[in-house]
Amino acid sequence: LSLRVDPDDRIALLGANGNGKSTLIKLLAGRLAPLRGLRRASGKLKVGYFAQHQADELDLAATPFGHMKHLMPKSDDAQVRAHLGRFGFTQMRAEVKAVALSGGEKARLLFALMSRNAPNLMLLDEPTNHLDIDAREALVEALNDYDGAVIIVSHDPHTIELTADRLWLVKDGTVAAYEGDLDDYRALLLDERRGKSNGVGKDETGNRSGGDAGKLSKRDIRRANADARAAVAHLKRAAEAAGRRVERLMAEMAKLEARLAEPEAYLGPTARLMELQIQLGDVKRALASAEEAWLTAQEALDTANAVP
């Protein structure tokens, strides 16, 4: 393969699981060396890499503050905490070991780490897996405001449609530009799954090939998309409800943490302080359970909506 990434590129990778999308991302990030050929990059290039498997990038025994301080050794503690605060890490959450963070918090920590030095190229491998609805929208907005290049792998078609203007198809051991859009790609997959034997379909660039006998009309595609949306409507409602519960509990936790951070909380009756601490513990346990329920619902929705 021969590929070039320019400073303003916004590229999404398409392809079935196991075809090598994550391998390509790691190759571009410099985490893997090419077995053959060359990877050329400017000596001034700064790359931000978001790993699909978060544990591969995090020291689970370290805190968010520890992670960030290691990468910002010349910055004072206030600057480190200010950067973490932009990603939702209050002073208390910044001191929690990564192993105890939720999936969403680990994702936010990775975003904090990868953005610390204003990278020119961001490589994102399934960045939305642990993000709730609001966080996904915030990610889309941030990527659209970002000045550098982006290459993203995601099973969330909404994120791809709003952030990418070029598509690469990873297939059959190589990578090539895909000239169609996501609707074209869905139609291609539908053709392949129906096992058409009359030579009609699309080639790797998304262009129609063969005769017109088996060509899907726009009405067929719209009907198929409508059926697909109806099939996952209940999953979407469940994910949204779980997301709202997570947001409510996070807001409640933030209020309790703010009250416990006030000096006055330690001047009153001890029983009242203990009550606040117990309430905070209860909310944290409920939040952990709610995040797990949201993650399960979101994964089910993502699977149903998956762009292979």
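Structure first, text after, so check above.
Residues numbered from 1 in each chain as written. Predicted model: local features only at pLDDT ≥ 70, side-chain atom pairs only at ≥ 80, totals over all residues. Heavy atoms only, no water.

A. Layout of the packing of aromatic side chains. Enumeration according to the criterion identifies two aromatic pairs in this entry. On the basis of an interplanar angle of 25 degrees and a centroid distance of 4.7 Å, the ring pair of Phe 50 and Phe 111 is categorised as stacked. With Phe 50 in strand 2 (residues 47-50) and Phe 111 in helix 4 (residues 103-114), this residue pair connects regions lying 61 residues apart in the sequence. Overall, Phe 111 belongs to the buried group, its relative accessible area being 12%. (Phe/Tyr/Trp six-rings, centres within 6.5 Å; stacked < 30°, edge-to-face > 60°. Helix = DSSP H or I, 4+ residues; strand = E, 2+ residues; numbered from the N terminus. Buried < 20%, exposed > 50% of the residue type's maximum accessible area, 1.4 Å probe, protein only.)

B. Representation of the packing of helix 2 (residues 64-71) against helix 3 (residues 77-85) within the structure. The interhelical angle for the contact between helix 2 and helix 3, taken along N-to-C directions, is 120 degrees, at an axis separation of 10 Å. Between helix 2 and helix 3, the angle falls in the class oblique. Handedness of the helix 2/helix 3 crossing: right-handed. Contact residues: Pro 64, Phe 65, Met 68 and Lys 69 in helix 2; Asp 77, Val 80, Arg 81, His 83 and Leu 84 in helix 3. A class-by-class count of the residues in the contact of helix 2 with helix 3 yields five nonpolar, one polar and three charged. (Axes fitted to C-alpha atoms, helices over the stretch in contact; angles between N-to-C directions. Parallel < 35°, antiparallel > 145°, perpendicular 65-115°, else oblique. Left-handed = near helix turned anticlockwise from the far one by under 90°. Contact = heavy atoms within 4.5 Å. Nonpolar A, V, L, I, M, F, W, Y, C, P; charged D, E, K, R; others polar.)

C. Just the sheet that holds strand 6 (residues 174-178), in detail. Here we have six strands laid out as an open sheet, ordered 2-3-4-1-5-6, and mixed in their pairing. The open sheet has two free edges, formed respectively by strand 2 and strand 6, since each of these has just one partner strand. Ignoring strand direction, the axes of neighbouring strands in this sheet form an average angle of 20 degrees. Relative to strand 5 (residues 166-171), strand 1 (residues 10-14) is paired through four bridges, and the arrangement is parallel. By the bridge assignment for strand 5, Ile 11 is matched with Arg 166. Most of the contacts of helix 4 go to strand 2, to which it runs at about 170 degrees, and overall it touches strand 2 and strand 3 (121-125). (Pairing = 2+ DSSP bridges.)

D. Local environment of unusual backbone geometry. Notably, Glu 126 is not glycine yet its phi reads approximately 55 degrees, a positive angle. Summarising the element assignment, Glu 126 is placed in the loop between strand 3 and helix 5 (133-145). For Glu 126, a relative accessible area of 4% gives the class buried.

E. Examining the pairing of strand 3 more closely. Burial within strand 3 is extensive, with five of its five residues counted as buried. In the sheet, strand 2 pairs with strand 3 via four bridges, with the strands oriented parallel. Within strand 3, the residue paired with Gly 48 across the bridge is Met 122. Pairing of strand 3 with strand 4 (residues 149-153) involves five bridges; the strand directions are parallel.

F. Representation of the environment of Glu 179 in the model. Inspection of the secondary structure assignment puts Glu 179 in the loop between strand 6 and helix 7 (182-193). Each C-alpha atom, one on Glu 179 and one on Arg 166, is 8.0 Å from the other, the two residues being 13 residues apart in sequence.

G. Main features of the environment of Met 92. Position of Met 92 among the secondary structure elements: in the loop between helix 3 and helix 4. Here Met 92 falls in the partly exposed class, since its relative accessible area comes to 38%.

H. Layout of the packing of helix 2 against helix 4. Across the interface, helix 2 lies against helix 4 with an axial gap of 10 Å and an inter-helix angle of 15 degrees. With respect to each other, helix 2 and helix 4 are oriented roughly parallel. Judged by the sense of rotation from one axis to the other, the crossing of helix 2 with helix 4 is right-handed. Here Pro 64, His 67, Met 68 and Leu 71 of helix 2 come into contact with helix 4, specifically with Leu 109, Ala 112 and Leu 113.

I. Spotlight on helix 7. For helix 7, built from 12 residues, the straight-helix expectation of 16 Å at 1.5 Å per residue is met to within 8% by its first-to-last C-alpha distance of 16 Å. Among the residues of helix 7, Leu 182, Tyr 185, Ala 187, Leu 188, Leu 189 and Asp 191 are the ones counted as buried. The N-cap residue of helix 7 is Asp 181: its side-chain oxygen and the backbone nitrogen of Asp 183 are 3.1 Å apart. (Expected span 1.5 Å × (residues − 1). Polar contact = N/O pair within 3.5 Å; in protein donor to acceptor, adjacent residues only side chain to side chain.)

J. Layout of helix 2. Within helix 2, the full set of buried residues consists of Pro 64, Phe 65, His 67 and Met 68. Projected onto a plane normal to the axis of helix 2, the buried residues spread over an arc of 160 degrees and lie on a single side. Tucked into the core, helix 2 has its buried residues touching helix 3 and helix 4. (Arc of directions from axis to C-beta.)

K. The arrangement of the environment of Ala 16 in detail. Tracing the backbone shows Ala 16 in the loop between strand 1 and helix 1 (21-29). Among the residues examined, Ala 16 registers a relative accessible area of 33% and is labelled partly exposed. Between the C-alpha atoms of Ala 16 and Lys 171, which are 155 residues apart in sequence, the distance is 7.7 Å.

L. A look at the pattern of salt bridges. Tallying each qualifying case throughout the model produces 11 salt bridges. With its nearest N and O atoms 2.5 Å apart, the salt bridge here joins Arg 81 to Glu 95. Residue Arg 81 is found in helix 3, and its partner Glu 95 is found in the loop between helix 3 and helix 4; the two are separated by 14 residues along the sequence. Among the residues examined, Arg 81 registers a relative accessible area of 26% and is labelled partly exposed. A cluster of three or more residues bridged by salt bridges with shared partners is formed by Glu 161, Asp 183 and Arg 186. (Salt bridge = Lys/Arg side-chain N within 4 Å of Asp/Glu carboxyl O.)

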